[in-house]
Amino acid sequence: MNLRTSLKGSVNDSIKLNIKLNVRQYTMFVALLFIWLIFTVVTKGLFITSRNLSNLFIQMCTTGIMACGMVLVMVAGHIDLSVGSVAGTLGAIAAALMAKCGVSPILAIAITLITGLLIGTWHGFWIAYRGVPAFIVTLSSMTAFKGVTLAVTNGATIGEFSNLFKSLGQGYIPKIIPNAEFNDTSALIGIISIILFIIFDFRKRNTRKKYGFEVATIPIQILRIVFVSVAIALVSSIMVNYRGIPIAVLILIGIILIYTFITNKTTFGRHVYAIGGNKEAAKLSGINVKKTELLIYASMGLLTALAAIVFTARLNAATPGAGNLFELDAIASCIIGGTSTMGGKGTIIGAIIGALVMASIDNGMSLMNVNIMYQYMIKGLILLLAVWVDFATKKRA
Amino acid sequence: MNEYILEMVNISKEFPGVKALDNVNFKVKKGEIHALVGENGAGKSTLMKILSGVYPYGTYSGDIIFKGKIRQFNTIKDSEQAGIAIIYQELALIKQLSVCENIFLGNEINDRGVINWEKSYVETEKFLKEVRLNIKPTTLVMNLGIGQQQLVEIAKAMSKQSDLLILDEPTSALTEDEIDNLFDLLRGFKEKGITCIYISHKLDEIFKIADRITVLRDGITVATHNTADLDESKLISLMVGRKLTERFPKVRYEPGEVVLELKNWTVFDPEIPEKKVINNVSFTARKGEVLGIAGLMGAGRTELCMSIFGCYGSKVLGQLFVNGKEIKARDPGSVIKAGVSYLSEDRKGNGLVLIQSIKKNISMASLDYISKATVINENEEIRMVEKYVTKLRIKTPSIEQLVGNLSGGNQQKVVLGKWLMTDPKVLILDEPTRGIDVGAKFEIYNIINSLVESGVCIIMISSELPEILGMSDRILIMHEGEIRGELHWKEATQEKIMSYATGGK
């Protein structure tokens, strides 16, 4: 009995430590719910409808995808100001390939992704191997790729793509039974996710047991499973109630899973955090700082391409002004989600919460018919406040 | 008329946990060149920082009497206005600005905020002439050599009408000719009645230039003598004259075969590519021995080890062998793989990621060993890290604790744990016990013993002579980038080491 309570005590301690370390994320999550509550009240319930939330999730996909890459960039202590311009160019390239050159959507997507990867590598080369500050390198690209976009689009909108391509931005997962009352595939995906989570959670418990480490007590474990399952069920039921899970959201979820894995479980991820935390110590520990930085920017380029594809598909057009201020949304998402402007700290899931906050503010203000000029002002101020909170909380710690 | 321009009476200064100065008395006569000597950490810099107002009035006890009046300096500006100028070892000029701009920085000759350049240039030329520097006032400082920069610093001190000039290790970067020139200049100042405090590790220079010498040791004034009454060996015994107590749990083992060999190692300064920081160093280190590297500040010990690790120098010549195999790569990753690890003297700057957990810090240099296809086996990681936390007795409730929240001694153990996890054949420890308490020091000595017993070769840099003597099997002594002497532990004494370290035969 004694042993049991002491074990429970130390697990509780580690949970407390975990909460302390991630306090920023939890507060942001609460803030998100608060923002949703306010908009729901102000819009008389319009905000919280399945339809609007489904749209909100689609709208946040571009920002969310880029924010995942931006987390790595910012954790390493750098910045990428060019993602907006580059996304505009890449969207225009994909559009031009399909609408003007008659390239198939699959090939166009592949070319766009590779181009994004190359642009990111270009940034990484100058930053890591030539020592030019990231701020300058990406500022240069921010300007340069505005020009490239104009060149590719000829200053005009390129539009109307095949249904296949459009579905990446606007489509929903098709039903299995065509005449079903609701989107059965989406419901199935929700159920499968819950089952997979339960299996993984218990497998993790077993390997920890095999190593002889203490594990959470069964009630705590069940509590966690119930909590996560309800969350998954809630989100998927919102989408099932409307038209099903949007394909763009599925892409975003895939990216979130991959990048969470990279940041938490791989040596590359560890290296990124070590470089951001103390570059000298990382170097002296044998970490290849330059190569890591190059990879960070290459990944940013690839994700920018993916975001550009989703965005272009959603609009069903590439415009000369596309991608405007995407960098603000991506950077703000990271910072709101707890990524430190000084480097070394930040999580993928935090940035996604941040992206949800940004998208909710956009969406809510649009529902309220707030003039676009005020929307810009408010978003700018939110970024300022988020950075200030970052510094203020750091001083206290 | 008082013959002393400066009297520092009963000065005491405490840092958390250490008494840096203990009732120090220091008197300087007007118009003399007074040398201040002592080992690393004897308290010279602290004393000078008190004098120049870096440590403001109230943070120390005792009185400063300068030009007959008790002074309370709160900032460097206060001491400058009183007529005290300090020239640091690391020059404090702004390289992108001109000589003239540097000399009048903060004291610009101006008329309602508009700088009078004509007058500034004329004045600058006057001061440059005084320090015998034949350059234009508009020359950018970055185009000057170190020796010339030093003279600009002195000219700057002149411009402030200083009566007391403090030179901290002024010759460490100078050539023979430049040193002679500087000495001529100082003698000229003496004739004009300017007083000079001269801090140096180079005893031959001190005997050449100083009128009187004050020796500090462990924060206490040992003695003040006329230079004529001393010789080098007397001075050295004053500097080190403490009794060695049995504080070191040293265990002797038979050293095995050579694991690390350095041949004709020459390293060039990262900023001044033609300057040699390390000059033709060769040595061997054996399995199961502690090789101590002694020397005074600036002797090049850290630079030597950083260059072996591939982290220092614009150019490195020479060969490095580990277990008889030449290591040609000059990056930390390859050197670690070859079996050499380096614990840096700057724990917070170069060793730890303070915002990360103990776990991530310890596994940082050995992630490859615990991962498959770059995916980290986290359970294996926890197991390994917990092993080292237990072995090194790191006091913490959890390995998830942030390193920034640990005490100095525990932080040092975390860095040690990081390097032990790489399973090194050669472990270089650079000042392994700096800034940690006595208990933790003793534990680190015991860890060194157990490592040596298991066949690891330890190379230990230390500025504390008792530590070097107490823990080493063999001692190399460095001076000005060269190895000046090698002593077996049986023949080594503080006096012998200090004699080599100050450039003696």
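About the cut-offs
- Throughout, residues of each chain are indexed from 1 in the direction in which the sequence is written.
- Going through the entries in the order they are written, you letter the chains from A and number the ligands from 1.
- Under the rules for a predicted model, residues below a pLDDT of 70 receive no local features and side-chain atom pairs below 80 are neither given nor counted, while totals for whole chains, interfaces and linings still include all residues.
- Helix and strand labels come from DSSP, where a helix needs a run of H or I of at least four residues and a strand needs a run of E of at least two; each type is numbered from the N terminus.
- As a reference, a globule follows 2.2 Å times the number of residues to the power 0.38, and the radius of gyration itself is taken over C-alpha atoms.
- Here exposure depends only on C-beta density: within 10 Å of a residue's C-beta, 20 or more other C-beta atoms make it buried, 12 or fewer make it exposed, and intermediate numbers make it partly exposed, the C-beta atoms being placed from the backbone.
- We call two residues in contact if the C-beta atoms placed from their backbones are at most 7 Å apart.
- When DSSP finds at least two bridges between two strands, those strands are taken to pair.
- Axes, fitted as lines to C-alpha atoms, cover a helix only where it is in contact. Angles between the N-to-C directions of the axes lie from 0 to 180 degrees.
- Small angles under 35 degrees read as roughly parallel and large ones over 145 as roughly antiparallel, with 65 to 115 read as roughly perpendicular and the rest as oblique.
- Crossings are assigned a handedness: left-handed for a near helix turned anticlockwise from the far helix by less than a right angle, right-handed for a clockwise turn.
- In this classification, Asp, Glu, Lys and Arg are treated as charged, Ala, Val, Leu, Ile, Met, Phe, Trp, Tyr, Cys and Pro as nonpolar, and every other residue, Gly included, as polar.
- As used here, a nonpolar core is made of buried Ala, Val, Leu, Ile, Met, Phe, Trp, Tyr and Cys residues. They are joined through C-beta atoms within 7 Å.
- Take the residue count of a helix, subtract one, and multiply by 1.5 Å to get its expected span.
- Every residue carries a pLDDT, the predictor's confidence in it, which falls somewhere between 0 and 100.

### Topic: the overall build of chain A
Thinking step 1. On a plain count of helices and strands, chain A comes out with 16 helices and two strands.
Thinking step 2. Since a compact globule built from 397 residues should have a radius of gyration of about 21 Å, the 22 Å found for chain A is in line with a globular shape.
Thinking step 3. Here chain A, with 397 residues, has 44% of them falling under the buried criterion.
Thinking step 4. Relative to all contacts within chain A whose residues are 6 or more apart in sequence, the contacts with residues 24 or more apart total 80%.

### A few points about the overall build of chain B
Thinking step 1. Helix and strand counts for chain B stand at 17 helices and 24 strands.
Thinking step 2. Here the C-alpha radius of gyration of chain B, 25 Å, is about what a compact globule of 505 residues would show, namely 23 Å.
Thinking step 3. Projected onto its principal axes, the C-alpha coordinates of chain B cover approximately 70 × 50 × 45 Å.
Thinking step 4. Across the 505 residues that make up chain B, the buried fraction comes to 45%.
Thinking step 5. Put simply, of all contacts in chain B between residues at least 6 apart along the chain, 69% involve residues at least 24 apart.

### A look at the interface of chain A and chain B
Thinking step 1. Counting residues at the interface gives 24 residues for chain A and 28 residues for chain B.
Thinking step 2. Looking at the side of chain A that touches chain B, the elements with two or more residues in it are helix 1 (2–21), helix 8 (184–210), helix 11 (267–277) and helix 12 (279–284) of chain A.

### Thoughts on the pairing of strand 18 (residues 340–343) of chain B
Residues and elements named next belong to chain B.
Thinking step 1. By the alternation rule, side chains of strand 18 split into Val340 and Tyr342 and Ser341 and Leu343, which are all buried.
Thinking step 2. Where strand 18 and strand 21 (residues 426–430) come together, four bridges link them in parallel fashion. Pairing of serine 341 across the sheet is with leucine 427, part of strand 21.

### Here's the deal with the packing of helix 8 of chain A against helix 9 (residues 218–241) of chain A
Residue and element names in this part refer to chain A.
Thinking step 1. Contact pair helix 8 / helix 9: the axes reach a minimum separation of 9 Å and the direction vectors enclose 160 degrees. Judged on the interaxial angle alone, helix 9 and helix 8 are roughly antiparallel. The chirality of how helix 8 crosses helix 9 is right-handed. From helix 8, Ser186, Ala187, Ile189, Gly190, Ser193, Ile194, Phe197, Ile198, Asp201 and Arg205 reach across to helix 9, where they touch Gln221, Ile225, Val228, Ser229, Ile232, Ala233, Ser236, Met239 and Val240.
Thinking step 2. A breakdown of the residues in the contact of helix 8 with helix 9 according to their chemical character gives 11 nonpolar, six polar and two charged.

### Considerations on the nonpolar core
Thinking step 1. Counting residues in hydrophobic clusters, the biggest one holds 243 residues, and the most contacted among them are A:Met70 and B:Ile458.
Thinking step 2. Setting aside chain neighbours within four positions, we find B:Ile458 in contact with B:Val290, B:Leu291, B:Leu427, B:Leu429, B:Ile448, B:Leu451 and B:Val452.

### A closer look at the sheet that holds strand 21 of chain B
All names here are of chain B.
Thinking step 1. Pairing is mixed in the open sheet, where six strands are placed in the order 18-21-22-15-23-24. Looking at strand neighbours, the two that pair on one side only are strand 18 and strand 24 (482–488), the edges of this open sheet. Strand-to-strand, the axes of this sheet are offset by a mean angle of 20 degrees, without reference to chain direction.
Thinking step 2. Alignment of strand 23 (residues 474–479) against strand 24, held across six bridges, turns out to be antiparallel. Note that in strand 24 the partner of methionine 478 across the bridge is isoleucine 483.

### A closer look at the sheet that holds strand 12 (residues 220–226) of chain B
Residues and elements named next belong to chain B.
Thinking step 1. Taken in spatial order, the six strands of this open sheet run 6-9-10-3-11-12, and their pairing is mixed. Where the open sheet ends on each side, the last strands, each with one partner, are strand 6 (84–87) and strand 12. On average, each strand axis in the sheet is tilted by 20 degrees relative to the strand beside it, whichever way the strands run.

### Here's the deal with unusual backbone geometry
Thinking step 1. One non-glycine residue, A:Lys44, lies in the positive phi region at around 55 degrees.
Thinking step 2. Mapped onto the secondary structure, A:Lys44 falls in the loop between helix 2 (23–42) and helix 3 (50–75).
Thinking step 3. Backbone geometry places B:Asn323, a non-glycine residue, at a positive phi of 55 degrees.
Thinking step 4. If you trace the backbone, B:Asn323 turns up in the loop between strand 16 (315–322) and strand 17 (325–326).

### Some points on helix 13 (residues 289–315) of chain A
Thinking step 1. With 27 residues, helix 13 of chain A ought to run about 39 Å at 1.5 Å a step, and its terminal C-alpha atoms sit 39 Å apart, in line with that.
Thinking step 2. Most of helix 13 of chain A is tucked away, with 21 of its 27 residues classed as buried.

### What to know about helix 15 (residues 348–367) of chain A
Thinking step 1. Its 20 residues place the ends of helix 15 of chain A 28 Å apart at the C-alpha level, agreeing with the 28 Å of an ideal helix rising 1.5 Å per residue.
Thinking step 2. Summarising burial for helix 15 of chain A: 14 of the 20 residues are buried, a large majority.

### Observations concerning the confidence of the model for chain A
Low pLDDT means the predicted coordinates in that region are not meant to be read closely.
Thinking step 1. For chain A, the mean per-residue pLDDT works out to 89, and 93% of the residues sit at or above 70.
Thinking step 2. Segment residues 1–9 of chain A: pLDDT under 50, and two contacts once partners within four positions in sequence are set aside and those in other chains are kept.

### Comments concerning the pairing of strand 4 (residues 61–66) of chain B
All names here are of chain B.
Thinking step 1. With five bridges connecting them, strand 1 (residues 4–15) and strand 4 associate as antiparallel partners. Counterpart to glutamate 7 in the pairing with strand 4 is isoleucine 65.
Thinking step 2. In the sheet, strand 4 pairs with strand 5 (residues 69–71) via three bridges, with the strands oriented antiparallel. The residue bridging isoleucine 65 from the neighbouring strand is isoleucine 70, located in strand 5.
Thinking step 3. Counting the residues that bridge the hairpin from strand 4 to strand 5 gives two residues, and of these lysine 67 lies at a positive phi of roughly 50 degrees.

### A few points about the environment of A:Thr341
Residues and elements named next belong to chain A.
Thinking step 1. Looking at where threonine 341 falls in the secondary structure, it is placed in the loop between helix 14 (326–336) and helix 15.
Thinking step 2. In the structure, threonine 341 is positioned 303 residues away from isoleucine 38 in sequence and 29 Å away in space, judged by C-alpha atoms.
Thinking step 3. Beyond its immediate stretch of four places on either side in the chain, threonine 341 contacts Ile335, Val387 and Asp390.

### Concerning the packing of helix 8 (residues 232–240) of chain B against helix 17 (residues 494–501) of chain B
All names here are of chain B.
Thinking step 1. In the contact formed by helix 8 and helix 17, the axes pass within 9 Å of each other and the chain directions differ by 115 degrees. Helix 8 and helix 17 meet at a crossing whose hand is right-handed. For the pair helix 8 and helix 17, the contacting residues are Ile236, Ser237, Met239 and Val240 in the first and Gln494, Glu495, Met498 and Ser499 in the second.
Thinking step 2. When its residues are assigned to classes, the contact of helix 8 with helix 17 shows four nonpolar, three polar and one charged.

### Describing the environment of B:Ile64
All names here are of chain B.
Thinking step 1. Here isoleucine 64 is to be found in strand 4.
Thinking step 2. Taking the number of C-beta atoms within 10 Å as the measure of exposure, isoleucine 64 has 23 and is therefore buried.
Thinking step 3. With 14 residues separating them in the primary sequence, isoleucine 64 and isoleucine 50 have C-alpha atoms 9.0 Å apart.
Thinking step 4. Discounting residues that sit within four places of it in the chain, isoleucine 64 has contacts with Met8, Leu51, Ile70 and Arg71.

### Quick notes on the environment of B:Leu6
Residue and element names in this part refer to chain B.
Thinking step 1. Locating leucine 6 in the fold gives a position in strand 1.
Thinking step 2. In this structure leucine 6 comes out as buried when scored by C-beta crowding, with 22 C-beta atoms within 10 Å.
Thinking step 3. Taking the C-alpha atoms as reference points, leucine 6 and leucine 402, separated by 396 residues in sequence, lie 48 Å from one another.
Thinking step 4. The residues touching leucine 6, leaving out its near neighbours within four places in the chain, are Lys27, Val28, Phe66 and Leu164.

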